[in-house]
Amino acid sequence: MSPASTGASTAMDAAATVPVSDTSDSRMAPGGPGYRRMSFALFLAGVATFALLYSTQALLPLISDGFGVSASDASWTVAAATGGLALFVIPMSALSERFGRRTVMTASLAVAVTVGLLVPFAPSLGVLVVLRGIQGAALAGLPASAQAYLAEEVRPRALVTAIGLFVAGNSVGGMSGRVITGWVAQEWGWRVAVGVIGVIAVGCAVAFRLLLPAPRHFRAGSLHPRRLLGTVRDHLANPLLRRLYAIGALFMTVFGGVYTVIGYRLTEAPFSLPQGIVGSIFLVYLVGTVSASTAGRLVGRLGRRGALYLGGGTTAAGLLLSLSDSLPLVLLGLVLITAGFFAGHAVASSAVSKTATHGRAQASAIYQSAYYIGSSAGSTVGALAFHASGWSGTVGVALLAIAGVVAITVLGSVAARRQVVATAH
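Everything numeric in this text was worked out from a predicted model, so none of it was measured.

What counts as what
Residues numbered from 1 in each chain as written. Predicted model: local features only at pLDDT ≥ 70, side-chain atom pairs only at ≥ 80, totals over all residues. Heavy atoms only, no water. Helix = DSSP H or I, 4+ residues; strand = E, 2+ residues; numbered from the N terminus. Rg over C-alpha atoms; globule rule 2.2 N^0.38 Å. Contact = heavy atoms within 4.5 Å. Areas by Shrake-Rupley, 256 points an atom, 1.4 Å probe, with all protein chains shown as cover. Expected span 1.5 Å × (residues − 1). Buried < 20%, exposed > 50% of the residue type's maximum accessible area, 1.4 Å probe, protein only. Axes fitted to C-alpha atoms, helices over the stretch in contact; angles between N-to-C directions. Parallel < 35°, antiparallel > 145°, perpendicular 65-115°, else oblique. Left-handed = near helix turned anticlockwise from the far one by under 90°. Nonpolar A, V, L, I, M, F, W, Y, C, P; charged D, E, K, R; others polar. pLDDT = per-residue confidence, 0-100.

A.B. asks: With reference to specific residues and values, describe the overall build of the protein chain.
C.D. replies: Counting its secondary structure elements, the protein chain contains 18 helices and 0 strands. Over its C-alpha trace the protein chain gives a radius of gyration of 20 Å, about what one expects of a compact globule, namely 22 Å for 425 residues. The dimensions of the protein chain, computed from C-alpha atoms along their principal axes, are 60 × 45 × 40 Å. Expressed as a percentage of contacts within the protein chain between residues at least 6 apart in sequence, the contacts between residues at least 24 apart total 83%. Of the roughly 15800 Å² of accessible surface on the protein chain, 68% is carried by carbon and sulfur atoms.

Printed below as a string of structure tokens:
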């Protein structure tokens, strides 16, 4: 019985290199032709995606002041983008099955960066939220298509590492977007700051299209709605995939809530930090870059579920540390939250790509949809909890989500043991 059917993981999930001399498999591998170009292209796509998607998150206090709205109202500029992505990721994945991964990713980036150049001119919060929703819907063509592209073009033994590099690009994009907007906004305001991110994303989009190798193993599928619904139904009927989707959503609920609200906490007493310094706090995303790119080795040592336990435990420890009124302890807490989240996300998302035996774009799309629904929920609920109970309220919501991750992983362990016993009988 396969690891996917039992929920068990193997060291092969995480191997970082593959002998290039293996001529029986024409797919890309570390050290082989095109692998470096492909990795850098998708890294840049990840940078552009997260920089655009969360371009307003570090600026929420300034947006609140600029439009005279509350934290929960301003948080909709984040929730609209992630919600738009969550709603459109499955339809966009279907387009990628018909027209190709590279084509859909290129078109999605083109639309997203165009909207990104319009965002600074939004005359009201309502218009800003609408533009952000459109931008998120456009970006929906990136995550699922990228993971499907990797599953088709990269050898299985290198898949966790390749997806980890794409996730690392996400973390660099999220970090650079927030750091740059923080310092630019401190001098010239939030509108100039999001405009700068739009220009950077244009450069990433152009480089992505020039660098990404043409797919060699893509086979066009059908756009027939009945077939699409059947594929989605098949994936949702898989217990392991359902658990992975829930884990991705819960991890992102934590991350979305924490990083939507942290700017408000750090600009208020007892910290009262300026906007530029608050933006620089997001340099802790570099920790996420490292933890995501090393997720393959983590799975190799601990197994998939062991890696998820470690990611959840690390995140929970960071949440508890962040309750302190000591700035160094809060920063350490953010480091642990970020490391735990990106490790858990890389492990869960790569497991989805490996588990799905058909309709990989749809399997990844459902994961991304659940993931960004978690982000929207975390942004909104986290902001409401902060408004009602302060930072401790946001942390309480996040700890409940981590408890859910642990409970689902335990259920996976129990299900795997039962299947092993049943097979033995």
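A.B. asks: Summarise the side chain of S379; cite the residues concerned and give the values.
C.D. replies: Following the sequence through the fold, S379 ends up in helix 17 (residues 360-389). Apart from the residues within four sequence positions on either side, S379 is in contact with S75, V78, G256, G257 and T260.

A.B. asks: So, helix 7 (residues 125-139): which residues are in play, and what are the values?
C.D. replies: Taking 1.5 Å per residue as the helical rise, helix 7 with its 15 residues ought to reach 21 Å, and the 21 Å between its terminal C-alpha atoms agrees with that figure. Among the residues making up helix 7, those that are buried are L125, L128, L131, R132, G133, Q135, G136, A137, A138 and L139.

A.B. asks: Lay out the packing of helix 12 (residues 239-267) against helix 16 (residues 327-355) in plain terms, naming residues and giving numbers.
C.D. replies: Two numbers describe how helix 12 lies on helix 16: the axes approach to 9 Å, and their chain directions differ by 155°. Considering the angle they form, helix 12 stands roughly antiparallel to helix 16. Here helix 12 runs over helix 16; the crossing is left-handed. Partitioning the contact of helix 12 with helix 16 into residue classes produces 21 nonpolar, 4 polar and 1 charged.

A.B. asks: Quick one: what's the story with the confidence of the model for the protein chain, residue by residue and with numbers?
C.D. replies: Overall, the predicted model of the protein chain reaches an average pLDDT of 84, with 92% of residues at or above 70. Below pLDDT 50 for its whole length, residues 1-22 participates in 50 contacts with residues either more than four positions away or in separate chains.

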